[in-house]
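One letter stands for each residue in the lines below.
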Amino acid sequence: MKRNSLKIRISAALTAFITAVNFAAPAFTDINVPGQLITYAAEQGSVNTDRLNVRSGPGTSYGKVATLGAGTKVTVNSETTGNDGYKWYSISFTGGSGYARYDYITKNATYAVQSADFESYLNAQGFPESYKNALRGLHQKYPNWVFEAQQTGLDWNNVVSEESKIGRNLVANTSISSWKSLSAGAFDWASNYWPGFDGATWVQASQDLISYYLDPRNFLTDPYVFQFEIQKYDPSTQTKEGLNSLIKGTFLEGEAIVPVAGSVIEGGTVIEGSTYNPSAAGSVSGSSSSSSASSSGSAVIGPGGPGANVIIGNGVVTGSGSGSNVIGPYKIGEIADKLTGVINAYAGTWKHTGDAGSYAWYYADDNGQNYNDGWHWIDGNNDGIAECYYFYQDGRMAASTVVDGYTVDADGKWLGDDGSIQTKAVEKKSQGGELKKVPYADIIMYAAKESNVSPYVIASTILQEQGSGKSSLISGTNGTYPGYYNFFNTGAYEHDGMTAVTAGLKYAKEKGWNTIEKSIIGGAENYGINYVNNGQDTYYLKKFNVQGSNKFNHQYMTHVLAAASEGAKVSNAYGTAFKSTALRFKIPVYSNMPESTSLPSGDGNPNNKLSALTVEGYTLTPTFSMDTTEYSLIVDAGQTSVNVNANTIDSHATASGTGNIALNTGLNTLTITVKAQNGSERNYTINITRKEGSSGDSGTSTVQTEGPGQIIAPSSNSGSNVIISGGVQQSSSSAVIIGQAPQ
């Protein structure tokens, strides 16, 4: 499947979301005095989260001094209790030092040999010695886990070379420079930037970074080991409870509106009187703000101003009384568009946060945007009757309170003076059939059974693709393909003059995905057929296809960190009880692997090339080019020095070896060293030959005399000679000998 621009951007957004969360951990109480350091012999360790904020002090209230990526090697020097009650390590690393919370640092440990049976099993599987220590640690903590060695039969260096081909592995352009490639075509030296390969923000990853994320030994810890978990559906460990834990706080925590007819999901809440019309999904209907006499059948539209009686009927607004005609706190003419729209049942979604009994309710439109800062009419069940709600600036629905002088009940509905719920008659859709609300979790669990793919994988893939759930690929409101959905972004890449969205929805129409259910279930079945049930049955193999007949191709993701990040997300879906079960992990093994691989950590612009190199008054051979590092030049015997000038492409780079350079007779080798911001150096060489002088040369000669006498030496000016007498030079237009030089 081809890469698409939506996929990788959302992948990065999801990665940032996952790693920004501080998962709760119990505070340590063995250190009683906050800020009191307990020092000990330095220990080596590594970062175990994708992005670790290093602080200037022990606590999140201190400023950030650095951000370290997963696997960054650190030295733990001491520990203390932070002002937040957690244990914090004082750490140092390449380029700095600071404090990090203990649970984001894994100290290196050497684990004792486990049972003879486990050691025999590792040997029988063919795990190299460099894998065994980490596997012993995992076995010690999770003795029921099963580790299978996937003997790829591939040479490590060849795998790295293949995965380093331009476009196969990308990284965010905001990454440190050592994470970005300098290979031919990956960095534009002349223009001094990394060109994008999936939009401007995704660039080619460096070979060192690819090597690190390719090396399974760097990720044999929880949570990252879950990138090797086999992704086939296993109902004994993959439950709705675990799925709900994974999707908590995301748009998948909510409910989808689906047509009853054709639904394969049992249960769900039927929306009484609702209808389904895919071609009109997301459409808005409502009243006009025109002022005229009211018609029969009018209904109150909303809270009026003092003395006002604002009503609407058949699309006509009228008012009476001494106050201004207003809807809520707004004048009709100013806010008609904001309040007269009606959100149909299938075009919006009620959402909530908090615990049962104390929910904060929100309403999102078809684009996932929460209504806020005012009164809104919502026909939540598409029965043709809308109720009026008030939403605060942060999107929370007002309930059991008074807003702008008007009362709303516990359900948020505006009440009239007599305590009755105020309503507005609106047009309801009549095509299609009944709708119902179904939790996304129910759809995903059904899709897992049908596709033989883990529900955790299905959910994390959707979240990777759709982020906050606001994409028009899943809203059903696209003007060209209304009523179609593509939750996996399958085929969503720019081609043949189509945008990624249009291409993805065109694919959805071809597949018949005209409901949310069909899109999720169909997308999961595609994923199962093309990946999980085709050998690429782990996140690692989905990212790095090192099996089968199409090696290094058919790789679902281009973001080099994706497999590790998605594995970590799935790990968090498992509770302690599930992690104690016999989970299976398939871990690749390569031949000729290095002793270890390290996460690159250097930063700074790498450009150490020149934009110009000149010797004043002369022309270099060959003509200057930023990629040509050796030049030559011949000067006359009288040229005792030259001025060398060099300009760097990057303003942060420096060039040494320039300026006025003295020349000796014969060969002079000048070296101009360009040092980039990241510390890398490049040398340019100019070989300058200064001629030797003689009477037949048109250059200056160095003449020594022994005793009295004068000689004539040719000057550098054609047609003139230099008369040397008593240490005083005199010019003459003709050759004149005064006295006689010693023989």
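Residues numbered from 1 in each chain as written. Predicted model: local features only at pLDDT ≥ 70, side-chain atom pairs only at ≥ 80, totals over all residues. Heavy atoms only, no water.

Engineer: Hey, could you run me through the environment of asparagine 478 in this one?
Structural biologist: Residue placement: asparagine 478 occurs in the loop between helix H9 (455–466) and helix H10 (500–511). Spatially, the C-alpha atoms of asparagine 478 and leucine 505 are 8.3 Å apart, while their sequence positions differ by 27 residues. A polar atom in the side chain of asparagine 478 sits 2.9 Å from the backbone nitrogen of tyrosine 481. (Helix = DSSP H or I, 4+ residues; strand = E, 2+ residues; numbered from the N terminus. Polar contact = N/O pair within 3.5 Å; in protein donor to acceptor, adjacent residues only side chain to side chain.)

Engineer: Can you help me understand the sheet that holds strand S33 (residues 654–656) in this one?
Structural biologist: Sheet strands pair via backbone hydrogen bonds, and the direction of the pair is either parallel or antiparallel. In space, the four strands of this open sheet follow the order S31-S36-S35-S33, with mixed pairing throughout. Each end of this open sheet is capped by a strand with a single partner; those strands are strand S31 (630–635) and S33. Adjacent strand axes in the sheet meet at a mean angle of 20 degrees, parallel and antiparallel pairs treated alike. Of the pairings in the sheet, the one linking S31 to strand S36 (residues 681–690) comprises six bridges and is parallel in character. Each residue of the ladder has a partner; that of valine 635, found in S36, is arginine 690. (Pairing = 2+ DSSP bridges. Axes fitted to C-alpha atoms, helices over the stretch in contact; angles between N-to-C directions.)

Engineer: Looking at this model, I keep getting lost on unusual backbone geometry. Mind explaining?
Structural biologist: With glycine set apart, most residues show a phi of negative sign, and most peptide bonds adopt trans. The omega angle of the peptide bond from aspartate 222 to proline 223 is 25 degrees, so this bond is cis rather than trans. Among the structural elements, proline 223 can be located in the loop between helix H5 (207–214) and helix H6 (240–247). The residue after threonine 621, namely proline 622, is reached through a cis peptide bond having omega -5 degrees. Among the structural elements, proline 622 can be located in the loop between strand S30 (610–615) and S31. The backbone phi angle of aspartate 404 is positive, close to 55 degrees, even though this residue is not glycine. For aspartate 404, the position within the fold is in the loop between strand S24 (401–403) and strand S25 (406–408).

Engineer: What is the right way to look at helix H4 (residues 156–163) in this model?
Structural biologist: Along an α-helix, residues three or four apart share an orientation, since each turn contains 3.6 residues. Among the residues making up H4, those that are buried are Trp156, Val159, Val160, Glu162 and Glu163. The buried residues of H4 all sit within an arc of 165 degrees when viewed along its axis, so they share a single face. Against the buried residues of H4 lie strand S8 (146–155), H5 and strand S29 (584–591). Looking at where H4 begins, the residue whose side-chain oxygen comes 3.0 Å from the main-chain nitrogen of asparagine 157 is aspartate 155. (Buried < 20%, exposed > 50% of the residue type's maximum accessible area, 1.4 Å probe, protein only. Arc of directions from axis to C-beta. Contact = heavy atoms within 4.5 Å.)

Engineer: Even after reading the chapter, I still don't get the environment of asparagine 592, so can you show me in this structure?
Structural biologist: Locating asparagine 592 in the fold gives a position in the loop between S29 and S30. Spatially, the C-alpha atom of asparagine 592 lies 7.6 Å from that of asparagine 157, the residues being 435 residues apart in sequence. When neighbours within four sequence positions are excluded, asparagine 592 is seen to be in contact with Asp155, Trp156 and Asn157. Within the structure, asparagine 592 has its side chain in polar contact with the side chain of aspartate 155 (distance 2.6 Å).

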